[in-house]
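The residues making up each chain are set out below.
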Amino acid sequence: MPKPGDKAKVKVNVKERVVDESCDLSLSELSEIPVREIASFKRVTVLDLSSNRLVNLGKNFSILTRLVRLDLSKNQIAFLPEDFGQLEQLRHLDLYNNCLEHLPISFGQLRRLRYLDLKGNPLTPAWQKIVGCCSTQKDCQQAAKNTVSICANYKPEFIERERLAAQETLKMAGAGDSHANSNAQANGGATGGKKSTKPNNKKAKAKKLAGGGDNELTIKPVNAGAGLSGTGGTGSGSKSSLKNNQRKKNSNGGSWLNLLSRAALSSLVTFLVLFVINLLLIYMIMFKNPDIADKLVEYIPHQYRDWILTKTEIFRLRVTDWISEFRTPPEEH
């Protein structure tokens, strides 16, 4: 093992570190990731690069598209590559104790990401607000969800337009500064000193505004209602669209309930009507036209004929008793 101050590249036998689907390269004093060697093992989906001397991930790290779990904790990584979002299979990402200030926009492609740990990183205040504290597993899960959703809503043209506007502001401030300095040299030292302070203040303010604009653009989605001042209309529009969608869903749910209730009511009414018709037919056949009843009995199989006739006779006697009781006057009863 080389000493910490030694800048020579450390070579590691990746084959010896691969076990099943995992590749453990932690505590190896690596300053460069052997991407080609790792990519040669097609079955590797878990990669542990924690506790090394990594400053960046290199140019070809995004070819490891099979990774599902990645541990980069306890390194000195200052930035992630712009094409980091090509690791679309990634579900678990540990970036604990690094030097990250912001994340690339391509994080919006990590739709399967369910865990993101960014503790111990000097994130900008805006990114810190989005990511959260990441102190528990639930916090890390929420951080992954928030980061992916926000990066997925970014639009690069808005970011580029704001950066160009900030550059124009700086150029205008610089032109005003040079013009004021020339006037100060023509008018004299004392008066020139007083006039030159104002353009300098303007330049400092312009730089501060430009820096603040860049920080906001790196974290705020286009659809946010409380974001940039130019997107206030879109925020209110998105809220109204959400309300309309919710109303449509509620109306659809109510229509389904209405249809079900109507279908149940119609089925019940149909059943009652058919039941009454059957009772009337039985009554007419058994009591009014016994000849028809006798002919129908001939079509009944022999093994069931006695049982059906017995039940029918019992039913006829009960109906006759009920009718006679119904027709008997109260005094005689």
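All of the points below concern the structure found in this document.

A closer look at the packing of aromatic side chains
A full pass over the atoms with the stated rule returns 2 aromatic pairs. Pairing Phe-84 with Phe-107 gives two aromatic rings, centres 5.6 Å apart and planes at 15°, and the pair type is stacked. With Phe-84 in the loop between strand E4 (69-71) and strand E5 (92-94) and Phe-107 in the loop between E5 and strand E6 (115-117), this pair connects stretches of sequence that are 23 residues apart. Across the pair, Phe-107 and Phe-84 agree in class, each one buried. Aromatic side chains Phe-271 and Phe-275 sit 6.4 Å apart centroid to centroid with 20° between the ring planes, which places their arrangement in the stacked category. You can see Phe-271 and its partner Phe-275 sitting in helix H7 (residues 232-288), 4 residues apart, about one turn around the helix. Judged by its relative accessible area of 55%, Phe-271 falls in the exposed class.

Observations concerning a nonpolar patch on the surface
A contiguous nonpolar surface patch, about 670 Å² in accessible area, is contributed by Leu-268, Phe-271, Leu-272, Phe-275, Val-276, Leu-279 and Phe-315. Ranked by the residues each element gives to the nonpolar patch, the list is headed by H7, at 6 residues. By the element assignment, Leu-268 lies in helix H7. With a relative accessible area of 48%, Leu-268 lands in the partly exposed category.

Some points on the sheet that holds E4
Read from one edge of the open sheet, 6 strands run E1-E2-E3-E4-E5-E6, paired in mixed fashion. Where the open sheet ends on each side, the last strands, each with one partner, are strand E1 (18-19) and E6. In this structure, E4 lies alongside E5, joined through 3 bridges in parallel fashion. Residue pairing for E5: Asp-71 is matched across the bridge by Asp-94.

A short note on helix H4 (residues 137-152)
Its 16 residues place the ends of H4 23 Å apart at the C-alpha level, agreeing with the 22 Å of an ideal helix rising 1.5 Å per residue. Turning to H4, its buried residues number three or more, namely Cys-140, Ala-143, Ala-144, Thr-147, Val-148, Ile-150 and Cys-151. For H4, the arc enclosing every buried residue in end-on projection is 165°, short of the 170-degree limit, so these residues lie on one face. Turned more than 90 degrees from where H4 packs its buried face, Lys-138 and Lys-145 sit exposed.

Re unusual backbone geometry
In the Ramachandran plot, Asp-20 falls in the positive-phi region, its phi being about 55° despite a non-glycine side chain. Its identity as a non-glycine residue notwithstanding, Lys-74 has a phi of 60°, on the positive side. With respect to the secondary-structure elements, Lys-74 resides in the loop between E4 and E5.

Focus: the pattern of salt bridges
This structure, assessed with the given rule, holds 2 salt bridges. Measuring nitrogen to oxygen at the nearest pair gives 3.3 Å for the salt bridge that ties Arg-53 to Glu-29. On the criterion of sequence distance, the pair formed by Arg-53 in the loop between strand E3 (46-48) and E4 and Glu-29 in the loop between strand E2 (22-24) and helix H2 (35-39) is long-range, its members being 24 residues apart. The buried category is assigned to Arg-53, whose relative accessible area is 17%. A relative accessible area of 25% means that Glu-29 is categorised as partly exposed. A salt bridge links Asp-117 to Lys-119, with the nearest nitrogen and oxygen atoms 2.9 Å apart. For Asp-117, a relative accessible area of 5% gives the class buried.

A word on the environment of Val-14
With respect to the helices and strands, the residue Val-14 is situated in helix H1 (residues 14-17). A residue is classified by how much of its surface remains accessible, and Val-14, at 4% relative accessible area, is buried. Taking the C-alpha atoms as reference points, Val-14 and Pro-34, 20 residues apart in sequence, are found 8.1 Å from one another. Beyond its immediate sequence surroundings of up to four residues, Val-14 is in contact with Cys-23, Pro-34, Glu-37, Ile-38 and Phe-41.

Rules used in this analysis
- Residues numbered from 1 in each chain as written.
- Predicted model: local features only at pLDDT ≥ 70, side-chain atom pairs only at ≥ 80, totals over all residues.
- Heavy atoms only, no water.
- Phe/Tyr/Trp six-rings, centres within 6.5 Å; stacked < 30°, edge-to-face > 60°.
- Helix = DSSP H or I, 4+ residues; strand = E, 2+ residues; numbered from the N terminus.
- Buried < 20%, exposed > 50% of the residue type's maximum accessible area, 1.4 Å probe, protein only.
- Patch = residues over 30% accessible without salt bridge, like charges linked within 9 Å, V, L, I, M, F, W, Y side chains within 5 Å.
- Areas by Shrake-Rupley, 256 points an atom, 1.4 Å probe, with all protein chains shown as cover.
- Salt bridge = Lys/Arg side-chain N within 4 Å of Asp/Glu carboxyl O.
- Pairing = 2+ DSSP bridges.
- Expected span 1.5 Å × (residues − 1).
- Arc of directions from axis to C-beta.
- Contact = heavy atoms within 4.5 Å.

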